[in-house]
Amino acid sequence: MVDVIIIGGGPCGLAAGLALQEKGISYLILEKEAIVNSIVNCPADMRFYSTSDRLEIGRTPFLTQEARPTRSELLKYYRLVTEREELNVHCYQNVVGITSSPDLFTVQAVDDKGNQHTYHSKFLVVATGIYDNPRKLHIPGEDLNKVKYYYTEGHSYYRRQVTVIGGKNSAIEAAIDLYRSGAHVTLVHRGESAHVGIKPYLIPDIRNLVEKEKIKFYPLSHVEEITHSTVSIRTPEELVSIPNDIVFSLIGYRPDFSLLSQAGVQVDALTSVPSYRADTYESNVPNLFLAGVVTGGTTNRVYIEDGRFHGGKIADEVQKRLLVSV
């Protein structure tokens, strides 16, 4: 039995644990993979757009060689914080059930060996993020093994026919890196341009590669079907079938609403933003709080830079209620 259970060991879940720990409030963080798993799934050589100071949690400074940290630097930093602060984290425990009574939450989890665990707490914080749940295409062939929803590195695809679906930062970065790694790259995007609304430093590269046809670009188009050897693309003019070995579907992510719905949290049907109070981050379910990216639903308006501060407000509110109940 602990005061607070935090579901999700990403940066915002860890920050919530730190905030509770500083106030002497007992807590447990449950993470279904390794800590900060969303960052684990980022490209191996990725350099983040945010500066290191905006990714810090707790009181541990984040010092990097350059202003914008790399994936490896960020992973090392969060491991350091977890070890130095002795955060109470149980990794590889996937939460599969939540039940509640007026004064108690019961959380059921299954570890990576299939063992079941039951935990109890007075308060619950859901900090599950969105990056474990890629958006699906809902087309024939999307369940083939050749279809990937995360991009790590390009070397494995040297001289392969690779199709990248999407037009945001992750898709553009992957397309550029794949080309530089020797892949034959096709980029498919529903928008009319591959260099609108992306990080400024990506624009010159993708514009140059598309204009010189180093990367074949299909604008205002979408993939209709994937087979073992081809991809069918619906363009404004016709249906095109091209040779294909690998597909990277990088069209974004969505929150996993199963736990929130199970716990009774209301979610907006249009934006997927869950119901919560802006001052305390408490959901419509009493004593159940939300932290981090999950609070933004599918709007993509909440990032680590913002979500790392949610835990402080939650810890303040939990402390008040614990003092009242004494």
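Keep in mind it's a predicted model, so treat the numbers as computed, not measured.

K.L.:
Can you walk me through the pairing of strand β11 (residues 222-226) in this structure?
P.N.:
Within a regular strand, side chains alternate between the sheet's two faces. Looking at chain direction, β11 and strand β12 (residues 230-234) are connected through four bridges and run antiparallel. Bridge pairing in β12 links E225 to S232. Linkage of β11 to β12, two consecutive antiparallel strands, is achieved through a turn of three residues.

K.L.:
For this particular structure, what's the right way to read unusual backbone geometry?
P.N.:
Where the residue is not glycine, phi is negative for most of them; where a peptide bond is considered, it is trans in most cases. Even without a glycine there, the phi angle at V36 is positive, about 45°. The residue V36 is located in the loop between β2 (27-30) and α2 (37-40) in this model. Its relative accessible area of 1% is what places V36 among the buried residues. One non-glycine residue with positive phi stands out, namely Y92, at about 55°. Within the element layout of this structure, Y92 appears in the loop between β3 (89-90) and β4 (93-101). Among the residues examined, Y92 registers a relative accessible area of 35% and is labelled partly exposed.

K.L.:
Where do I start with the environment of A44 in this structure?
P.N.:
By the secondary structure assignment, A44 is in the loop between α2 and α3 (71-84). Note: C-alpha distance between A44 and N145 (101 residues apart in sequence) is 21 Å. Here A44 is in contact with R71 and T152, once residues within four sequence places are set aside.

K.L.:
Is there a simple way to think about the environment of N287 in this case?
P.N.:
Turning to its location among the elements, N287 is positioned in the loop between α6 (257-263) and β15 (288-290). Taking the C-alpha atoms as reference points, N287 and E317, 30 residues apart in sequence, are found 9.5 Å from one another. Among residues more than four places away in sequence, those in contact with N287 are P102, F105, K122, F123, L124, E282 and R321. A distance of 2.8 Å separates a polar atom in the side chain of N287 from a polar atom in the side chain of R321.

Rules of the game
Residues numbered from 1 in each chain as written. Predicted model: local features only at pLDDT ≥ 70, side-chain atom pairs only at ≥ 80, totals over all residues. Heavy atoms only, no water. Pairing = 2+ DSSP bridges. Helix = DSSP H or I, 4+ residues; strand = E, 2+ residues; numbered from the N terminus. Buried < 20%, exposed > 50% of the residue type's maximum accessible area, 1.4 Å probe, protein only. Contact = heavy atoms within 4.5 Å. Polar contact = N/O pair within 3.5 Å; in protein donor to acceptor, adjacent residues only side chain to side chain.

Nothing here speaks to function; it is geometry throughout.
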